Amino acid sequence: MLLDYETLKLIWWLLVGVLFIGFAVTDGMDMGVGTLLPFLGKTDDERRVIINTIGPHWDGNQVWLITAGGAIFAAWPLVYAAAFSGFYFAMLLALFGLFFRPVGFDYRSKIANKHWRNAWDWGLFIGGAVPALVFGIAFGNLLQGVPFHLDEFLRPFYSGSFLGLLNPFALLAGFISLGMLTLHGAIWLQLRTAEPIASRAKAVTKQIGLATIAAFALAGIWLATGIDGFRVVSEHIPNATPNPLTKEVVQESYAWLSNYGTYPLTLLFPILGFAGLGLGILGSIKDHPGWGLFASSLGLTGIIMTAGAAMFPFIMPSNTNPNSSLVVWDAVSSHLTLNVMFWAAMIFIPLILIYTTWTYAMMWRRITVEEIQAQDHLAY
Amino acid sequence: MLDSSMIELSRWQFASTALYHFLFVPLTLGLSWILVIMESVYVMTKREIYRDMTKFWGKLFGINFALGVTTGLTMEFQFGTNWAYYSHYVGDVFGAPLAIEGLMAFFLESTFIGLFFLGWERLSKRQHLGVTFLMAFGSNLSALWILIANGWMQNPVGAEFSFETMRMEMTSFAELVTNPVAQVKFVHTVAAGYVTASMFVLGISAWYMLKGRDLAFAKRSFSVAVGFGMASILSVILLGDESGYEVGDIQRVKLAAIEAEWETEPAPAAFTIYGNPNNADQETHDAIKVPWLLGLIATRSLDTQVKGLKELMAEHEVRIRNGMIAYDYLERLRGGQDTPENRARFEEHKADLGYGLLLKPYVENPAQASEEHIQLAVKDSIPEVAPIFWAFRVMVGAGVWMLLLLALGFYFNAKRVIQKQRWLLWLFLFSIPMPWIAVETGWFVAEFGRQPWAIGEVLPTSIAVSSLTTHDLIISMSGFLIFYTLLFIIEMFLMIKFARLGPSSLHTGRYHYEQIAGSAGGMTPATAPQKPAE
């Protein structure tokens, strides 16, 4: 069945959002766990407990990230091209960070040597914290506009620098990303580990959570008052053949707030962000980490959608040549490709959710130091 | 114009990271099925030794798999970071199989691999076997989609160029999936992976037999692998991907380059066993030829002609001139002169637009290329012949060597006297690198033979790159070099350590080093390896 092109363009914006949220809720959680690993695990056995809570799942979870990348390649090829090549060193930094995880998980406990294991623990820390930070920084830059333009044959040229990406607002966004994933990871550890790790995890949720909420509020105020958004001023032609060079875009104050004015329901996203993180902290403090994890998942969803809704229909605005900006209507693939991919997603995402849930159910338990010691040769 | 040294470095970076990634992929593809076979025997016979086999070879599988995932991440990032124009130009077609690979296959493989390693105590026997099967099935399904994407680079079917969006767009998903080049590539590549895993298990098992260690374990592992390997090598050779060489211009050029056949010979063409191909002279010096053989291998017939490189280049020259016209009209259309006349003229020549783009390294506007530029582009329109010629022969040589070994191994194993053929066991041990030599040279033939194209007849490699600087590439290359070297050392260290330790690493108390430890009342430092924790 062939859906209408305009509808598919919108659906793909939502689907990329779903993949990002799937990534944050699952693999983002693993990154939070990796970030906390050296601090919450005091002994080798305790660190193994922490690692084994995500041991069977991190690889499957990571595929959300890989699939999000693949979906951007297929659905928004120009975004994939311009963002990955423009943010060249930031992307490489995230990639090199990710390198530490597959080998870290599998190789760490294969050798019983203190230095070897300690080195991999810090590797897993880097593999968690660095990508989490970089992805937030990337979002922070998208919100400010990226210095790039397209030539007449649609070749993207990036005119910024790597250090330019590390501006204060982007670092704040990076902090939010790292903070929310670390909070999420801490609640997970509270849920899945026994004492003393569970208490240690619980002890950090409040600080991390409150700092993240404060940073999210600060970013909101900053975005509303200090950062110029973008707006398409030329007429929108539905179902148009995608061409990012035919529209006219202006950069102006308060533009990122206009969607919230036009569609007040979108205000639910920032509310969900605040409430989700807040209830996540509450669930943790009141010893209901299961509910806390559910709430923090909603919190991550709210935060990601807040940024997405502020920018809509922009995906990657250009601040040096606003007309080159990439929006959901003109940076997309052809009608046929979007349709084929839509049906693939409709069939496989539910299947993935079903079998992923089964694997979590099969492995569900509180992991104790005693279990790790008993299964010394089997566990990670 | 793009910096030529940046283009060169981008190619080096992609080629080296892809070849590096491909060190780990074939073993995963094959070993996962070997694990399924071993575990099936365990579930059916309930004999513990087969569970131990699954666990031990699974351990080595895991060490290899970790690097496969690590280096696979690079591939996903790299199209965007270093081949941005490629990503824009063909993402509409090429991106789809990659995204579907993620949704359909990679999720399956990666979700169940965690349970394969850590689920032994928590799953029933049948559930665990199911998990192992889904992991193997997922990884092989992954290969299918990746090779559909790669097959499209060699033979871009089911897509058309649109001047309005300035890119290739999918016209038929079914054609993309059923691309004959992709089909033969898939069969050839996964079967090569099965051979790789078989040779790996055989070489290590042979070593245990030579050392007289864990014989029951080694012989059973050998039996499983030699049967699987024999069937697989026959598939690689009989269903080789020669049949894919008849489709599309790129594949024809590749075939002629493999053969270093400059002039079209009357059918059936001779096969050059040895020679020194030279692109500058357009000649192969000191050639030793076997009559008829090429015609038979390449076309499986005695009367189909294999076109020579000179004739192919003459065809390319015509297409380059057409491509200049196509480029001229493309510029007019993109520049706003969107008239029915211009559209018609563009449509007439657009099949050759890619050939026009071959002029880009020499002239900003291909429509204004001089006669000299055209001749340079014609020379560029075929790859460097000698490396392909030799890589192909190395691949075939390694394949024939493995066929002989596997046949002998199969024979002596069937007669149950394999343990006595020590010379053969030594050959198996020292032949462990052979499958890797074959798959790496094979991959090289396929991809270097595709040059000068990133997408055959559509997009030259020279304009597919990102707008980066040489400086950027030097930094990223250095990063990859450092990380990949360190990872390789660590991986080899663990692989060799656990292969030497053998099934004793499972700590069941049933195997060699634990038996020694038991009988001697403790390990002696000279014979006992450091106790691993897992």
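Residues numbered from 1 in each chain as written. Chains lettered and ligands numbered in written order. Predicted model: local features only at pLDDT ≥ 70, side-chain atom pairs only at ≥ 80, totals over all residues. Heavy atoms only, no water.

*Asks:* Help me out: how do you make sense of the domain arrangement of chain B in this one?
*Replies:* As a measure of interface size, the accessible area lost when the parts come together is often cited. All names here are of chain B. For chain B, the assigned domains are domain 1 (1-31 + 46-82 + 469-534) and domain 2 (183-247 + 388-437). Counting residues at the interface gives 26 residues for domain 1, matched by 21 residues for domain 2. Contact with domain 2 buries area across many residues of domain 1, yet Leu-27, Met-53 and Trp-57 alone supply 27% of it, more than any other trio. Inspection of the region where domain 1 meets domain 2 yields 0 salt bridges. (Domains from an automatic or database assignment. Contact = heavy atoms within 4.5 Å. Buried area = accessible area lost by both parts, 1.4 Å probe. Salt bridge = Lys/Arg side-chain N within 4 Å of Asp/Glu carboxyl O.)

*Asks:* Quick question: what am I supposed to make of the interface of chain B and chain A here?
*Replies:* Contact with chain B, which involves 92 residues of that partner, is made by 78 residues of chain A. Sorting the residues of chain B by area buried against chain A places B:Leu103, B:Phe107 and B:Leu118 first, and these three jointly supply 10% of that buried surface. Inspection of the region where chain B meets chain A yields 0 salt bridges. Counting every contact that joins chain B to chain A gives 21 residue pairs in polar contact (both at pLDDT 80 or more). Ranked by residues supplied to the side of chain B that touches chain A, first place goes to helix 4 (residues 84-118) of chain B with 27 residues. For the side of chain B that touches chain A, the residue count by class is 50 nonpolar, 26 polar and 16 charged. (Polar contact = N/O pair within 3.5 Å; in protein donor to acceptor, adjacent residues only side chain to side chain. Helix = DSSP H or I, 4+ residues; strand = E, 2+ residues; numbered from the N terminus. Nonpolar A, V, L, I, M, F, W, Y, C, P; charged D, E, K, R; others polar.)

*Asks:* Could you clarify how one ought to interpret the pattern of salt bridges in this entry?
*Replies:* Working definition: two side chains of opposite charge can pair if their charged atoms are close together. Under the definition given, this model contains 34 salt bridges over all chains. B:Asp338 is the partner of B:Arg343 in a salt bridge, and the nearest nitrogen-oxygen pair spans 2.7 Å. Among the charged side chains, a salt-bridge network with shared partners connects A:Asp44, A:Arg47, A:Arg108, A:Arg117 and A:Asp121.

*Asks:* Teacher, can you tell me more about a nonpolar patch on the surface here?
*Replies:* On the surface, a nonpolar cluster with roughly 510 Å² of combined accessible area is contributed by A:Met1, A:Trp343, A:Met346, A:Ile347 and A:Leu351. Turning to its location among the elements, A:Trp343 is positioned in helix 13 (residues 335-363). (Patch = residues over 30% accessible without salt bridge, like charges linked within 9 Å, V, L, I, M, F, W, Y side chains within 5 Å. Areas by Shrake-Rupley, 256 points an atom, 1.4 Å probe, with all protein chains shown as cover.)

*Asks:* Just to check I follow, could you spell out the side chain of B:Ser205 for this structure?
*Replies:* Residue and element names in this part refer to chain B. Mapped onto the secondary structure, Ser-205 falls in helix 7 (residues 180-211). One polar contact links the side chain of Ser-205 to the main-chain carbonyl oxygen of Val-201, over a distance of 2.7 Å. Sequence-distant contacts of Ser-205, defined by excluding residues within four places in its chain, comprise Trp-57, Ala-218, Ser-221 and Phe-222.

*Asks:* Teacher, can you tell me more about the nonpolar core here?
*Replies:* In globular proteins that are soluble, nonpolar side chains generally tend to be buried together. Grouped together as the largest cluster of nonpolar side chains are 307 residues, with contacts concentrated most on A:Trp76, A:Tyr107, B:Trp57, B:Tyr86, B:Tyr89, B:Phe94 and B:Phe200. When residues are assigned to domains, this core turns out to be shared by domain 1 (1-31 + 46-82 + 469-534) and domain 2 (183-247 + 388-437) of chain B, each giving three or more. Formed by 5 residues, the second largest nonpolar core is a distinct cluster that contains B:Leu255, B:Ala269, B:Phe271 and B:Val306. (Core = buried A, V, L, I, M, F, W, Y, C linked by side-chain atoms within 4.5 Å. Buried < 20%, exposed > 50% of the residue type's maximum accessible area, 1.4 Å probe, protein only.)

*Asks:* Help me understand helix 8 (residues 168-192) of chain A in this model?
*Replies:* Note that an α-helix has 3.6 residues per turn; residues three or four places apart therefore point the same way. The terminal C-alpha atoms of helix 8 of chain A, which comprises 25 residues, lie 36 Å apart, in line with the 36 Å expected from a rise of 1.5 Å per residue. For helix 8 of chain A, the buried fraction is high: 22 of the 25 residues fall into the buried class. (Expected span 1.5 Å × (residues − 1).)

*Asks:* It is not clear to me how the packing of helix 1 (residues 5-40) of chain A against helix 6 (residues 114-144) of chain A should be interpreted in this structure. Could you clarify?
*Replies:* For any two helices packed against each other, the geometry comes down to the angle between their axes and how far apart the axes lie. All names here are of chain A. Where helix 1 meets helix 6, the closest approach of the two axes is 7 Å, and the angle between their N-to-C directions is 135°. Viewed along their axes, helix 1 and helix 6 adopt a mutual orientation that is oblique. Helix-helix and strand crossings are classified by hand; for helix 1 and helix 6 the assignment is left-handed. Side by side, helix 1 and helix 6 meet where Phe-20, Phe-23, Met-31, Gly-34, Thr-35, Leu-37, Pro-38 and Phe-39 of the first sit next to Asp-121, Trp-122, Leu-124, Phe-125, Gly-127, Gly-128, Ala-129, Pro-131, Ala-132, Phe-135 and Phe-139 of the second. (Axes fitted to C-alpha atoms, helices over the stretch in contact; angles between N-to-C directions. Parallel < 35°, antiparallel > 145°, perpendicular 65-115°, else oblique. Left-handed = near helix turned anticlockwise from the far one by under 90°.)

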